[in-house]
Amino acid sequence: FIRKGLKIGIGSIIGAHSVVLQDVEPYTIMVGVPARKVRMRFSDSVTKALLASKWWEYDRPVLQEVIASVMSESQSNSDHQDLLVSRILELLDSRK
């Protein structure tokens, strides 16, 4: 349940069966009854960069190409999540 009139930020995750009674910041994970903030998905700097990039305005093929490129550069799945997102943002920025 999400109370009428609330704002759910871009990239937020709301857990199944959660009851959201307050606005949710971008890239926040919320769960429970009532929903509470578990954690942020990314560091503050990456969150700000994601919001500034407006990645959701890019065409899907561009996003798919950039993500595939970054994943092929990645040496392992253990690479730090913030570094992967930062590299994606760099490549998107170069396409403006």
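Residues numbered from 1 in each chain as written. Predicted model: local features only at pLDDT ≥ 70, side-chain atom pairs only at ≥ 80, totals over all residues. Heavy atoms only, no water.

A. Structural context of the environment of Ser53. Structurally, the position occupied by Ser53 is in helix H1 (residues 44–53). The class for Ser53 is buried, based on a relative accessible area of 12%. Excluding residues within four positions of it along the chain, Ser53 makes contact with Tyr58 and Leu89. (Helix = DSSP H or I, 4+ residues; strand = E, 2+ residues; numbered from the N terminus. Buried < 20%, exposed > 50% of the residue type's maximum accessible area, 1.4 Å probe, protein only. Contact = heavy atoms within 4.5 Å.)

B. How the structure looks around the packing of aromatic side chains. With the rule as written, the count across this model stands at 2 aromatic pairs. Residues Tyr27 and Phe42 carry aromatic rings whose centres are separated by 5.6 Å and whose planes lie at 65° to one another, so their mutual orientation is edge-to-face. Highlighted residues: Tyr27 in the loop between strand S1 (13–14) and strand S2 (28–31) and Phe42 in the loop between strand S3 (36–40) and H1, separated in sequence by 15 residues. Comparing Tyr27 with Phe42, the two get one shared label, buried. On the basis of an interplanar angle of 80° and a centroid distance of 5.8 Å, the ring pair of Trp55 and Trp56 is categorised as edge-to-face. (Phe/Tyr/Trp six-rings, centres within 6.5 Å; stacked < 30°, edge-to-face > 60°.)

C. Molecular detail of the pairing of S3. As judged from the 4 bridges shared by S2 and S3, these two strands associate in the antiparallel manner. In the sheet register, Thr28 faces S3, and the bridge partner there is Met40. Linking S2 to S3, which pair antiparallel, is a turn of 4 residues; within it Gly32 sits at a positive phi near 105°. (Pairing = 2+ DSSP bridges.)

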